[in-house]
Amino acid sequence: MVTTGLRPGRSAVLRLLVVAVALAGALLGGLGGAAPASAHAALTGSTPAQGAVVDRAPEQVALTFSEGVAMGDDSIRVLDPKGKRVDRGKLLKLSSGNVVKYGAGLPAGLGDGTYTVAWQAVSADSHPVSGAFTFSVGAPSKTTAAVPAQKAGGGLVGALYGIARALAYTGFVLLVGGAAFVVACRPAAALVRSVQRLVVQGWALLTGTTVAMLLLRTPYTGSGDLADVFDFGGLQQVLITKPGAALVSRLLLLAAAALLVAVLFGAYARTQEPAEPGEEPRDATSLARQRKDLAFGLGVGGLIIAIGLAATWAMAEHASTGLQTAVAMPVDVLHLLAVATWLGGLAALVASLYWGPPVERAAVRRFSRIAFGSVLVLVATGLYQSWRQVGTWRALTDTTYGWLLLLKAGLVVVLVGIAWVSRRWTGRLVEVPGAEGLVAEVTEGAGAGETAEAAEGDDAKTAADADAETGAEKATVGVSAAATVTAAAPTRATGPGAEGGTGPGTVSGTDSKAAAGDTPAASASDAPDPSKATPTPDTTDTPNPTRAAQLARQQAALDSARTKRERDADPERLGLRRSVLAEAAVAAVVLVVTTVLTATEPARTEEAVKAASGGQSATAARPQALTIPFDTGGPHGKGTARLALAPGSSTAANTLQLRLADPSGKAMDVPEVKISFTQKAKKLGPLPAVPRKVSKGRWRASGVRLPVPGQWQVSLVVRTSDIDQVTEIKNVKIGR
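Residues numbered from 1 in each chain as written. Predicted model: local features only at pLDDT ≥ 70, side-chain atom pairs only at ≥ 80, totals over all residues. Heavy atoms only, no water.

Enquirer: Sorry if this is basic, but what is going on with the overall build of the protein chain here?
Expert: When you go through the protein chain residue by residue, the secondary structure sums to 18 helices and 18 strands. Across the 736 residues in the protein chain, those meeting the buried criterion constitute 44%. Restricting to contacts in the protein chain with at least 6 residues of sequence separation, those with at least 24 account for 73%. Accessible surface computed for the protein chain: about 36,200 Å², of which carbon and sulfur atoms make up 60%. (Helix = DSSP H or I, 4+ residues; strand = E, 2+ residues; numbered from the N terminus. Buried < 20%, exposed > 50% of the residue type's maximum accessible area, 1.4 Å probe, protein only. Contact = heavy atoms within 4.5 Å. Areas by Shrake-Rupley, 256 points an atom, 1.4 Å probe, with all protein chains shown as cover.)

Enquirer: Just to check I follow, could you spell out the sheet that holds strand β15 (residues 692–695) for this structure?
Expert: One key point about sheets: their strands pair by backbone hydrogen bonds, in either a parallel or an antiparallel sense. With antiparallel pairing, the five strands of this open sheet are ordered in space as β10-β11-β12-β16-β15. Either end of the sheet is taken by a strand with one partner, and the two such strands are β10 (624–631) and β15. Along the sheet, successive strands turn relative to each other by an average axial angle of 25 degrees, direction set aside. (Pairing = 2+ DSSP bridges. Axes fitted to C-alpha atoms, helices over the stretch in contact; angles between N-to-C directions.)

Enquirer: Explain the sheet that holds strand β18 (residues 725–734) to me, please; I cannot follow it from the model alone.
Expert: Reading across from one edge, β14-β13-β17-β18 is the order of the four strands in this open sheet, with antiparallel pairing throughout. If you trace the sheet from one side to the other, it starts and ends with β14 (684–689) and β18, each paired once. Direction aside, the axes of adjacent strands within the sheet are offset by 25 degrees on average.

Enquirer: Is there a simple way to explain a positive patch on the surface in this structure?
Expert: Together, Arg365, Arg366, Arg369 and Arg423 line one region of the surface with positive charge. Checked against the element boundaries, arginine 369 lands in helix α9 (residues 361–390). (Patch = residues over 30% accessible without salt bridge, like charges linked within 9 Å, V, L, I, M, F, W, Y side chains within 5 Å. Salt bridge = Lys/Arg side-chain N within 4 Å of Asp/Glu carboxyl O. Lys, Arg positive; Asp, Glu negative; His and termini not counted. Charge placed at Lys NZ, Arg CZ, Asp CG, Glu CD.)

Enquirer: What is the right way to read the environment of leucine 174 from this model?
Expert: When you line up the elements, leucine 174 lands in helix α2 (residues 155–185). Measuring from C-alpha to C-alpha, the distance between leucine 174 and leucine 205 comes to 9.2 Å, with 31 residues separating the pair along the chain. With near-sequence residues (within four places) excluded, leucine 174 lies in contact with Ala179, Leu198, Val199, Gly202 and Ala347.

Enquirer: In this structure, what is going on with the pairing of strand β11 (residues 638–646)? I would like to understand it.
Expert: Regular strands place side chains that alternate from one sheet face to the opposite one. Here β11 shows one buried face, formed by Gly639, Ala641, Leu643 and Leu645, and one open face, formed by Lys638, Thr640, Arg642, Ala644 and Ala646. In terms of strand pairing, β10 meets β11 through eight bridges, oriented antiparallel. Counted as the bridge partner of leucine 626 is leucine 643 from β11. The loop that links β10 with its antiparallel partner β11 comprises six residues; one of these, glycine 633, has a positive phi angle of about 90 degrees. Alignment of β11 against strand β12 (residues 654–661), held across seven bridges, turns out to be antiparallel. Along β12, the bridge assignment pairs threonine 640 with alanine 661.

Enquirer: How should I be thinking about the side chain of threonine 632 in this particular structure?
Expert: Position of threonine 632 among the secondary structure elements: in the loop between β10 and β11. A polar contact of 2.8 Å, which involves the side chain of threonine 632, links it to the side chain of threonine 720. With residues up to four places along the chain from it excluded, the contact list for threonine 632 reads Gly637, Val718, Thr720, Asp724, Gln725 and Val726. (Polar contact = N/O pair within 3.5 Å; in protein donor to acceptor, adjacent residues only side chain to side chain.)

Enquirer: I keep staring at the packing of aromatic side chains and nothing clicks. Help me out?
Expert: Geometrically, a pair of aromatic rings is defined through the distance of the ring centres and the angle of the planes. The final tally for this structure, using the stated rule, is seven aromatic pairs. Summarising the aromatic geometry, the rings of phenylalanine 172 and tryptophan 313 are spaced 5.2 Å apart at their centres and angled 65 degrees between planes, so their arrangement reads as edge-to-face. Here phenylalanine 172 is found in helix α2, whereas its partner tryptophan 313 is found in helix α7 (residues 284–314), with 141 residues between them in sequence. In this structure phenylalanine 172 comes out as buried when scored by relative accessible area, which is 1%. Classification of tryptophan 313 as buried rests on a relative accessible area of 3%. Ring centres of tyrosine 384 and tryptophan 387 lie 6.1 Å apart, and the angle between their planes is 40 degrees; this geometry places the pair in the tilted category. With tyrosine 384 and tryptophan 387 both in helix α9 and three residues apart, the pair spans about one turn of that helix. Classification of tyrosine 384 by relative accessible area gives buried; the value is 18%. The class of tryptophan 387 is partly exposed, set by a relative accessible area of 40%. (Phe/Tyr/Trp six-rings, centres within 6.5 Å; stacked < 30°, edge-to-face > 60°.)

Enquirer: What should I look at first to understand the nonpolar core in this one?
Expert: Across soluble globular proteins, nonpolar side chains have a tendency to be buried as a group. In this structure, Phe172, Leu206, Trp342, Leu343, Leu349 and Phe367 are the most contacted members of the largest nonpolar core, which totals 78 residues. At 17 residues, helix α8 (residues 325–355) tops the list of elements feeding residues into this core. Residues within four places of leucine 206 in sequence aside, it is in contact with Ala168, Gly171, Phe172, Leu175, Arg250, Leu254, Leu309 and Trp313. Within the second largest apolar cluster, 27 residues are counted, among which are Leu656, Leu658, Val670 and Ile675. (Core = buried A, V, L, I, M, F, W, Y, C linked by side-chain atoms within 4.5 Å.)

Enquirer: What's the story with helix α5 (residues 242–264) in this structure? I'm lost.
Expert: One turn of an α-helix holds 3.6 residues; hence residues three or four places apart share an orientation. Compared with an ideal rise of 1.5 Å per residue, which puts 23 residues at 33 Å, α5 spans 32 Å between its outermost C-alpha atoms and is within 8% of the ideal. Residues Pro243, Gly244, Ala246, Leu247, Arg250, Leu254, Ala257, Val261 and Leu264 constitute the buried set of α5. The inward-facing, buried residues of α5 abut α2, α3 (193–221), α4 (232–239), α6 (267–270) and α7. Between a side-chain oxygen at the N-terminus of α5 and the backbone nitrogen of glycine 244 the separation is 3.3 Å; the capping residue is threonine 241. (Expected span 1.5 Å × (residues − 1).)

Enquirer: Even after reading the chapter, I still don't get a nonpolar patch on the surface, so can you show me in this structure?
Expert: Residues Leu156, Leu160 and Leu226 make up a contiguous nonpolar surface patch of roughly 240 Å² in combined accessible area. Judged by its relative accessible area of 34%, leucine 160 is partly exposed.

Enquirer: What's the story with the packing of α2 against α5 in this structure? I'm lost.
Expert: Each pair of packed helices can be described by the angle between their axes along with the distance between the axes. The N-to-C vectors of α2 and α5 enclose an angle of 35 degrees; their axes lie 12 Å apart at closest approach. In this structure, the crossing between α2 and α5 has a hand that is left-handed. Each of Ala168, Leu175, Ala179, Val182 and Val183 in α2 lies in contact with α5, whose residues at this interface are Arg250, Leu254, Val261 and Leu264. Its residues placed into classes, the contact of α2 with α5 shows eight nonpolar, no polar and one charged. (Left-handed = near helix turned anticlockwise from the far one by under 90°. Nonpolar A, V, L, I, M, F, W, Y, C, P; charged D, E, K, R; others polar.)

Enquirer: Is there a simple way to think about the pattern of salt bridges in this case?
Expert: Oppositely charged side chains can pair when the atoms bearing their charge come close. Under the criterion given, the structure shown has seven salt bridges. The residue arginine 719 makes a salt bridge to glutamate 672 at a minimum N-O spacing of 3.0 Å. Separated by 47 residues along the polypeptide, arginine 719 in strand β17 (residues 710–719) and glutamate 672 in strand β13 (residues 672–679) bring together distant segments of the chain. With a relative accessible area of 19%, arginine 719 lands in the buried category. Via salt bridges that share partners, Glu672, Lys674, Arg719 and Asp722 belong to a single interconnected network.

Enquirer: Help me understand the environment of glycine 111, please; the structure alone is not making it clear to me.
Expert: Take glycine 111: it is sitting in the loop between β7 (100–105) and β8 (113–123). Sequence separation between glycine 111 and proline 81 is 30 residues, and the spatial gap between their C-alpha atoms is 9.5 Å.

Enquirer: Looking at this structure, how should I read the environment of threonine 400?
Expert: You can see threonine 400 is positioned in helix α11 (residues 400–427). You can call threonine 400 partly exposed: its relative accessible area is 46%. Taking the C-alpha atoms as reference, threonine 400 lies 7.8 Å from glutamate 601; in sequence the two are 201 residues apart.

Enquirer: Please explain α4 as it appears in this structure.
Expert: Inspection of α4 places Gly234, Leu235 and Val238 among the buried residues, and these make up the whole buried set. For α4, the buried positions fall inside an angular range of 105 degrees around the axis, keeping them on one side. Away from the buried face of α4 by more than 90 degrees, exposed residues Phe232, Gln236 and Gln237 are located. Packing partners of the buried residues in α4 comprise α3 and α5. (Arc of directions from axis to C-beta.)

What is shown is where atoms sit, not what they do.
Below, the structure is given as structure tokens:
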């Protein structure tokens, strides 16, 4: 089979760019995976509420989520103040209509104190989520209940799973887009070695990462321990889940894809081979029919497999949950196919332009039209997905998902701009031959005679330009030696001491004629005595295999140098190569951002969590400090209150400290202070905090509990006399 090899002298800039993009992708994928997975399904409510104090123990604990989740009997655990599990160990399914609710039953007779609820689930889009909160019976108490410090989907396992996800997307793009480029744009590329490697490596990458993700699902959604990848009992449980079924389906489709790839670069590639010298010409009609049949079969079969592969993401990612899933999943499939066709075809075009023979103008134009159609599909499907996941214009700037979406949109705009430049270069291209222009890769064992006959005088000069180490003289000698070794006329080599010999193992033209008896003037007396003649071995037609292999390598270098010279002499193709390479670099960044985006909480969900937590995002708890000036209007009524609240959490008891100072900064005593907390959005409060005086101008309150995170109003009442009193209000942000 005729194939083209990689050019030995690759561009240093290209190598650095590829390495930089790979490192950036790995770094961003690692950073995205190292953090806990974003809560695609969020806890929007609970009964009892976080931090609530109830008079008697409830019969059950119920949790409400923003979207569908998968939970088991151990997904909700209730721990008493000593850390002992007290729930019944049986999951209660309390969902109704659009409300997603699960619970755990509690036994009767639970004592007073603070109880901890730890929960873990897998959201409908395959991401693990977890959390914990407390409630108290009778009165708050100290608790020794231990909850996992690492959230589900975090740590090393989360980082590895995130990297595998990013590489899986890359493999899908290279496999589907590269194969589509060969079938739909440039059939002759089936002979190009770099394109073959691109598609095969895409298949191998997608297969390997799918297996890795399947093994990592158990620790990723459970313990977080990397050793659990060998837990085959857990693997069995994974296989019956929706994400597990999607991964298994992907592996089966990849098995079928392997057969299509073998046909693509086997039987289909052979139909693109030019006729060899001396080979009987093939029937043009039958060859054209064979090409058409194979192309049709590869196109239909490849499309079915590509749709199936894209559906394995759609059925287990964002599209499978939320609004309009019946529409969202087919739209997601179209989106993925458009991405693969555009970016994967772009990668195949880069491989062809840099490591193959000149690309035909017609092939570039076909790809340009297909890429333009893919962009239109991307815009249409992307707009729908954005509306579905974001919902409001404000969410574009108020949520992490919105910012990432804006970044992706900006990168796509840059990508389209570079593609427009590439289209301009395409319009300037001059047509080159198709399959006939491919350079045959010479391998060891090839006929040395064909090698020498193919070399021309200017090829030696080309080899000198392409490889400075070889030199023009070496190349010229190599070509001459090839002609010598493969001379067709039968000759007899002379020995080292033969007269007229030009050197060991060589014969001159005169000596050849004499040896063959072609000289008419030769007399019988001048003829040597056959009995005294030293037998000389006949080396005719037995060239040295090592020398023949060396000559083959030299000829391959000549062919490669000639191809490089032809490419570099075409400024239009040089400009096209550079613009397409820039497209590929930006496309790699787009893939990284897309991977991070799929692992980020959708804006609609984040907004729902804000609404459930008083209109504020549920940030991590941190100590809060407020400075509140006051003036009661009476004598010595001016001063400043400094209020500190730690740890500033809705899931734990807080300690409040208050210090009053007069205008000079000295401690200030007053007859009475009152403090209360109110959250109007949830209609909670006022919840009083009763401070106890500890010294002059200092008060302290322990066990201050605020049930939900978000924005709270702090009301401070200061009375300096029987009739002089003022109320000051400040806002404070409480985290989880």
